[in-house]
Amino acid sequence: MTLAVQILVDGEPDLSATLDQTAALGLQAYVGDMRNNPETHHMCRLRRVPYTPLACSSRADARNRLWSATPADAHVFLNAGEMLHRCRLPAGKGFYLASLVNNNLVSHEIRAAVGVTGTFQHRLFEQIEATSVANADLVVVMPAFGNSQEMLRRCAEWAKEEKCFSSCYHLAMLQLACGHIDQFMTSAREIMFRYPEADIPNTMVRYYYALACLHKNQPVPLFAALGMCLAVNPFMAEFWCLAGDAHYHLLNNFGHAYRLYSKAISFGRHRKVGRWPADLDKYEEYPLKMMASCCAILNPNR
Amino acid sequence: MSSQKATTALATLCQYYAAYLANPNNAAAEAELASYYAANNMPDLVTLLKAKDDPGCTDSR
């Protein structure tokens, strides 16, 4: 089985580390460059990596063109700046999820295709729509978040031209990342109203909305949003921890906070591997630290 | 379960959780959650909900 690692360049992230790490795993890289940058071309020529200029504004179009120009049985999709840490793909045909690691945060996306073809959609935050996906031993280490203001600008343009769940979702997430809490809360409320499905992205919007409520000192909507989150997935320690944070930071109820942090650990232990993202600290380290803090406050003389 | 019934069940569960999160010592809120999961044949969740906290910390104030 021939395997191609397709790397899309869109901007000026560190491509050399991505190329070197791919070569270190003994894998063949193929680079597609949306900016047609001569330096990127030179870097690829030095490393004997096939280079395809892809002057277009849509990341999905660029991905689809690079895919059709890449001869291989299996494909892994990376962005410049990302590092392939592990890559063991099953032989079975289909689409596979990668674990995307950013410090202690882990999320999942379709990043591999074996023996199948597909189509990327969306001009920004492109993704493959697939009805069936499986997990693979595929780990991608993400770079530090880049120029989020520039991404926010591009995403706002996209959301204005094409109002869909994906554009609204990513716009909201970028507003939050850029610290525009009020704008984020407005966007999140619109998403929660327009897209009431209880799937992973919708539930995570509710979680981040609850997080924004913590910053705004609004415990009532915080508990309402988290109630929805836990109804969908009670094994997410992140949700229990945030409820504990509300009692700890907003209501000064350290006994309630202690109980909810304790639930984060007990429920989180039963979580199964799947597509839900994870903030790994919230499964033990963080709730244990907060429980110790609650104990110290509740029992100052112990 | 039909889509409408599932939506209603989720909304009910959401309300139970919101009440429980606002006051996790509220026995009635815990009982509502536990009976929901028991009725839906999820005994593991009932056990997790009813599990006692670490006894090493009690409110002495």
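Residues numbered from 1 in each chain as written. Chains lettered and ligands numbered in written order. Predicted model: local features only at pLDDT ≥ 70, side-chain atom pairs only at ≥ 80, totals over all residues.

(A) Geometry of the overall build of chain A. Helix and strand content of chain A: 11 helices and 11 strands. For 302 residues, the compact-globule formula gives about 19 Å, and the C-alpha radius of gyration of chain A, at 21 Å, lands near that figure. Projecting the C-alpha coordinates of chain A onto the three principal axes gives extents of approximately 65 × 40 × 35 Å. When the 302 residues of chain A are sorted by exposure, 42% land in the buried category. Sequence separation of at least 24 residues holds for 62% of the intrachain contacts in chain A that already meet a minimum separation of 6. (Helix = DSSP H or I, 4+ residues; strand = E, 2+ residues; numbered from the N terminus. Rg over C-alpha atoms; globule rule 2.2 N^0.38 Å. Buried ≥ 20, exposed ≤ 12 C-beta atoms within 10 Å, placed from the backbone. Contact = placed C-beta atoms within 7 Å.)

(B) Representation of the interface of chain A and chain B. The interface of chain A with chain B comprises 24 residues on the first partner and 21 residues on the second. Mapped by element, the contributors of at least two residues to the side of chain A that touches chain B are helix H8 (219-232), helix H10 (254-268) and helix H11 (285-298) of chain A. The element contributing the most residues to the side of chain A that touches chain B is H10 of chain A, with eight residues. Along the lines of polarity and charge, the residues of the side of chain A that touches chain B split into 16 nonpolar, seven polar and one charged. (Nonpolar A, V, L, I, M, F, W, Y, C, P; charged D, E, K, R; others polar.)

(C) Main features of the domain arrangement of chain A. Residues and elements named next belong to chain A. With domains assigned, chain A is organised as domain 1 (3-141) and domain 2 (148-298). Taken together, the contact between domain 1 and domain 2 spans 11 residues of the former and 12 residues of the latter. Top element by residues in the side of domain 1 that touches domain 2 is strand S7 (residues 105-114). It accounts for four residues. When the residues that make up the side of domain 1 that touches domain 2 are grouped by side-chain class, the tally is five nonpolar, five polar and one charged. (Domains from an automatic or database assignment.)

(D) Quick peek at H8 of chain A. If you check H8 of chain A, its first and last C-alpha atoms are 20 Å apart, about what 14 residues at 1.5 Å a residue would give, namely 20 Å. Taken across its 14 residues, H8 of chain A has 12 buried, putting it largely inside the fold. Those residues of H8 of chain A that fall on the buried side of the exposure criterion are Pro 219, Leu 222, Phe 223, Ala 224, Ala 225, Leu 226, Gly 227, Met 228, Cys 229, Leu 230, Ala 231 and Val 232 of chain A. Taken together, the buried residues of H8 of chain A touch helix H7 (200-215) and helix H9 (237-250) of chain A together with helix H1 (3-22) of chain B. (Expected span 1.5 Å × (residues − 1).)

(E) Main features of the environment of Cys 164 of chain A. Its place among the elements puts Cys 164 of chain A in the loop between helix H4 (148-161) and helix H5 (165-177). It is 9.8 Å that separates the C-alpha atoms of Cys 164 of chain A and Ile 191 of chain A, two residues lying 27 residues apart in sequence.

(F) View of H1 of chain B. Taking 1.5 Å of rise per residue, the 20 residues of H1 of chain B would be expected to cover 28 Å, and the 29 Å separating its terminal C-alpha atoms lies within 8% of that figure. Among the residues making up H1 of chain B, those that are buried are Leu 13, Cys 14, Tyr 16, Tyr 17, Ala 18, Tyr 20, Leu 21 and Ala 22 of chain B. Elements that come into contact with the buried residues of H1 of chain B comprise H8 and H9 of chain A together with helix H2 (27-39) of chain B.

(G) Region of interest: the nonpolar core. Among the nonpolar cores identified, the biggest contains 66 residues, and Ala 172 and Leu 226 of chain A together with Tyr 17 of chain B are the most heavily contacted of them. Looking at which element gives the most residues to this core, the answer is H8 of chain A, with 10 residues. Of all hydrophobic cores here, the second largest spans 35 residues; its members include Leu 8, Val 9, Ala 62 and Val 114 of chain A. (Core = buried A, V, L, I, M, F, W, Y, C linked by C-beta atoms within 7 Å.)

(H) Examining the pairing of strand S10 (residues 133-141) of chain A more closely. All names here are of chain A. Bridging between strand S5 (residues 83-88) and S10 involves five bridges; their strand directions are antiparallel. In the sheet register, Cys 87 faces S10, and the bridge partner there is Leu 138. Here strand S6 (residues 94-102) runs beside S10; their pairing, made up of six bridges, is parallel. Directly across from Leu 97, in S10, lies its bridge partner Asn 135. (Pairing = 2+ DSSP bridges.)

(I) Region of the structure containing the environment of Pro 219 of chain A. All names here are of chain A. Assignment of secondary structure puts Pro 219 in helix H8. Assessed through the 20 C-beta atoms surrounding it within 10 Å, Pro 219 is described here as buried. Once the C-alpha coordinates of Pro 219 and Leu 251 are considered, the two residues, 32 residues apart in sequence, prove to be 8.1 Å apart. Apart from the residues lying within four places of it in its own chain, the contact partners of Pro 219 are Ala 246, Leu 250 and Leu 251.

(J) Spotlight on unusual backbone geometry. Residues and elements named next belong to chain A. Even without glycine at this site, Asn 103 takes up a positive phi of about 55°. Looking at the secondary structure, you find Asn 103 in the loop between S6 and S7. Even without a glycine there, the phi angle at Asn 217 is positive, about 60°. By the element assignment, Asn 217 lies in the loop between H7 and H8. The class for Asn 217 is exposed, based on 11 C-beta atoms found within 10 Å.

(K) Structural detail: the pairing of S7 of chain A. Residues and elements named next belong to chain A. Note that strand S4 (residues 74-79) and S7 share three bridges and pair antiparallel. Residue Val 76 lies in a different strand from S7, and its bridge partner there is Ala 112. Where S6 meets S7, nine bridges bridge the pair, whose relative direction is antiparallel. Each bridged residue has a counterpart across the sheet, and for Val 101 the counterpart in S7 is Val 106. Counting the residues that bridge the hairpin from S6 to S7 gives two residues, and of these Asn 103 lies at a positive phi of roughly 55°. One ladder, built from two bridges, connects S7 with strand S11 (residues 278-279); its direction is antiparallel. Its bridge partner lying in S11, Leu 105 is registered against Asp 279.

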